[in-house]
There are 2 protein chains.
Amino acid sequence: MAVHSTAKKKGSADKRDRILRAAIKVFAKNGFYATRVSEIAKAAGVADGTIYLYFKNKDDVLITIFEDGIQQLLAILREVAASEQPFDERITRIIELQLGLLEDQRDLAEVITVNLRQSSSLLKQYAAPLFMEYIDVIAGLIRDGQKEGAFRKDINSRVVARSLFGALDAILLTWALGEADPPSLRKAASHCASLFLEGLRVR
Amino acid sequence: MAVHSTAKKKGSADKRDRILRAAIKVFAKNGFYATRVSEIAKAAGVADGTIYLYFKNKDDVLITIFEDGIQQLLAILREVAASEQPFDERITRIIELQLGLLEDQRDLAEVITVNLRQSSSLLKQYAAPLFMEYIDVIAGLIRDGQKEGAFRKDINSRVVARSLFGALDAILLTWALGEADPPSLRKAASHCASLFLEGLRVR
DNA sequence: GCCGGCTGAATGGCGGTTCATTCAACAGCC
DNA sequence: GGCTGTTGAATGAACCGCCATTCAGCCGGC
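Read on for a plain summary of the structure.

Rules behind the numbers
Just so you know, the residues in each chain are numbered from 1, in the order the chain's sequence is written. A letter from A marks each chain and a number from 1 marks each ligand, given out in the order of writing. A pLDDT threshold of at least 70 governs which residues receive local features in this predicted model, and a stricter bar of 80 or more applies before side-chain atom pairs are shown or counted, although totals over entire chains, interfaces and linings include all residues. Only hydrogens and water are set aside when side-chain values are computed; all heavy atoms of the structure are taken into account. Copy-to-copy superposition: least squares on the C-alpha atoms, limited to residues that have pLDDT of at least 70 in both copies. Residue contacts are counted whenever heavy atoms from the two residues lie within 4.5 Å of one another. Residues are counted as near a molecule or strand when any one of their heavy atoms sits within 4 Å of it. Any pair of N or O atoms that falls within 3.5 Å is considered a polar contact. Within protein, one atom must be able to donate a hydrogen and the other to accept it, and sequence-neighbouring residues count only if both atoms are side-chain atoms. Numbering goes from the N terminus for both helices and strands, where a helix is a DSSP run of H or I of at least four residues and a strand is a run of E of at least two. Residues are grouped as follows: Ala, Val, Leu, Ile, Met, Phe, Trp, Tyr, Cys and Pro are nonpolar; Asp, Glu, Lys and Arg are charged; every other residue, Gly included, is polar. Interaxial angles span 0 to 180 degrees and are taken between N-to-C directions of axes, which are lines fitted to C-alpha atoms, for helices over the stretch in contact. Roughly parallel means an angle under 35 degrees; roughly antiparallel, over 145; roughly perpendicular, 65 to 115; everything else is oblique. Crossings are sorted by hand: turned counterclockwise from the far helix by less than a right angle, the near helix makes the crossing left-handed, and turned clockwise it makes it right-handed. Should a side-chain nitrogen of Lys or Arg be within 4 Å of a carboxyl oxygen of Asp or Glu, the pair is scored as a salt bridge. A simple rule labels every residue: compare its accessible area, found with a 1.4 Å probe on the protein chains alone, to the largest value its type can have, and call it buried under 20%, exposed over 50%, or partly exposed in between. The directions from the helix axis to the C-beta atoms are what the arc is built from.

## Describing the relation of the copies chain B and chain A
Relating one copy of the chain to the other requires a rotation about an axis plus a shift along that axis. Under the fitted operation, chain B is carried onto chain A by 0.1 Å of movement along the axis and a turn of 180°, and the coordinates agree to an RMSD of 0.2 Å. Taken together, the rotation and translation relating the two chain copies correspond to the operation of a two-fold axis. Both copies contact each other with a shared surface, as 100% of the interface residues of chain B are interface residues in chain A too.

## Considering the protein's contact with DNA strand C
Around DNA strand C, 20 residues are found, and the nearest of them are Thr50 and Tyr54 of chain A together with Arg36, Val37 and Tyr52 of chain B. Counting only atoms of DNA strand C within 4 Å of the protein, the sugar-phosphate share comes to 77%. Backbone polar atom of Gly49 of chain A to a base nitrogen of DNA strand C: 3.2 Å apart, as the coordinates give it. In this structure, Arg36 of chain B approaches DNA strand C through a side-chain N or O atom, which is 2.9 Å from a phosphate oxygen. The element that contributes the greatest number of residues to the surface near DNA strand C is helix H3 (residues 48-54) of chain A, accounting for 5 residues. In terms of residue class, the surface near DNA strand C is built from 7 nonpolar, 7 polar and 6 charged.

## A few points about the packing of helix H5 (residues 87-103) of chain B against helix H8 (residues 157-177) of chain B
Residues and elements named next belong to chain B. Interhelical geometry of H5 versus H8 gives an angle of 30° and a closest axis separation of 11 Å. Viewed along their axes, H5 and H8 adopt a mutual orientation that is roughly parallel. Relative to H8, the crossing made by H5 is right-handed. When H5 is examined against H8, the residues Ile95, Gln98, Leu99, Leu102 and Glu103 are found in contact with a partner set consisting of Leu164, Leu168, Ile171, Leu172 and Trp175. Residues belonging to the contact of H5 with H8 are distributed by class as follows: 8 nonpolar, 1 polar and 1 charged.

## Re the pattern of salt bridges
Pairs can form between side chains of opposite charge once their charged atoms are near each other. Applying the stated criterion across every chain, the model contains 12 salt bridges over all chains. We note a salt bridge from Asp14 of chain B to Arg18 of chain B, for which the minimum N-O separation is 3.5 Å. Placement of the pair is Asp14 of chain B and Arg18 of chain B together in helix H1 (residues 13-30), with a separation of 4 residues, close to one helical turn. Assessed through its relative accessible area of 43%, Asp14 of chain B is described here as partly exposed. One network of salt bridges, in which partners are shared, links Asp88, Glu198 and Arg201 of chain A.

## Quick look at helix H2 (residues 37-44) of chain A
Residue and element names in this part refer to chain A. Residues of H2 that are buried include every one of Val37, Ile40, Ala41 and Ala44, and no others. Buried residues in H2, looked at end-on, bunch into an arc of 100°, giving them a common side. Buried-residue contacts for H2 involve helix H1 (13-30), H3 and helix H4 (58-81). Phi for Gly45, located one or two positions after H2, is positive at around 65°.

## Observations concerning the protein's contact with DNA strand D
Around DNA strand D lies a shell of 18 residues, among which Arg36, Val37 and Tyr52 of chain A together with Thr50 and Tyr54 of chain B are the nearest. Among the atoms of DNA strand D lying within 4 Å of the protein, the sugar-phosphate backbone contributes 79%. Separating a phosphate oxygen of DNA strand D from a backbone N or O atom of Lys58 of chain A is a distance of 3.0 Å. Here a phosphate oxygen of DNA strand D sits 3.4 Å away from a polar atom, N or O, in the side chain of Lys15 of chain B. Within the residue set of the surface near DNA strand D, elements represented by two or more residues are H3 of chain A together with helix H3 (51-54) of chain B. Residue composition of the surface near DNA strand D, by class: 6 nonpolar, 6 polar and 6 charged.

This is the structure:
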């Protein structure tokens with residue numbers, strides 16, 4: 001057997017990926033609830049039942065996509081937040097990376113931003129902690145900047161973090177839903193960065 | 001005769017309201033898709049079938065809630081945007097009004113922010129235009145401010161508008177989902193206003 | 001020929017919607 | 001004012017289509 005390298009209880013890891021990628025595509029187009037499991041299967045070139053060899057159920061597929069995406073984002077975020085660059089630089093990089101990461105993954109962007117809100121209590125359970133973790137990383141960076149005098153101190157760091165998150169989310173949403181092209185996204189990112197940096201400047 | 005004052009084609013307008021209010025409550029708690037029509041009926045103290053006397057179907061209930069809420073918001077927005085106050089003042093007022101309006105309506109806030117994203121193509125159809133209208137009003141105000149030299153001109157007004165919307169949305173979301181008390185919401189509003197105003201200042 | 005991954009038709013139940021029935025309110029009539 | 005016929009809002013049990021999930025078989029590799 002020598003099952004290549006990837007650990008696996010059963011089935012090829014490749015098939016699992018095919019399913020996930022297909023699911024992202026279909027969820028993005030139709031939304032979670034309107035998506036039939038059979039559609040995911042068809043898009044993945046797989047039988048309906050096969051999905052249940054790799055995932056507990058339909059919810060599990062969405063949760064997996066969501067967690068993977070956020071974890072990816074969190075990893076980058078933490079790295080940048082902890083870097084030794086000037087604070088302004090770090091904020092800018094976070095914004096650019098975050099929007100850039102999803103730039104060639106419209107579908108993933110849409111699944112995350114759109115389906116984050118599908119609030120079956122089940123998903124709320126999963127989304128809330130990750131969301132908080134996310135906010136915490138940014139808020140921590142802001143707070144550090146305030147402590148070191150790089151940012152004004154008269155604004156609550158968590159409010160800034162939430163605002164920044166929301167702003168990026170909204171930009172991403174209109175980009176994902178609309179016709180906007182990648183260049184416009186990058187331009188939006190730099191405008192957004194400038195807006196927040198000026199807003200945070202000590203005067 | 002003399003049916004009090006409210007016009008009515010059929011049924012009491014009061015009953016329609018009861019249903020809407022109940023639906024807001026239940027949608028907020030469980031999300032649209034997880035909500036059973038029978039739950040709305042029970043919460044409204046009404047039979048299942050009665051709901052179909054006032055609404056075409058379940059979607060129609062959500063759409064009505066959503067449209068009413070946004071229209072309410074848009075009306076206020078337009079008024080403030082067109083007022084003769086200084087631009088800074090107008091922005092601040094918009095932020096405060098918007099958050100304040102929903103302060104004592106947690107459930108409505110949650111339904112709007114959370115279910116805005118439920119992307120059955122049907123709802124996308126309804127949500128997108130209203131969302132755009134909303135963005136347009138804010139973007140218009142920013143653009144006017146830029147033209148008159150109140151705000152810096154090197155930032156795209158639509159990007160600012162989207163960012164502001166997203167920021168408010170995120171603040172509202174954490175407030176609606178979390179335990180935060182009203183005072184904290186008002187404080188968040190003023191911090192957010194300050195952040196954006198400084199960010200927009202001409203230098 | 002045996003094992004395990006895979007298949008996809010069959011199933012079961014779930015829940016939005018319908019509609020036959022009820023009955024309170026009202027108008028016309030005496 | 002009482003009696004009666006009519007209306008249509010309200011009801012809620014039943015219906016029916018849909019779709020997530022299952023599982024009895026089917027390969028294909030060893």
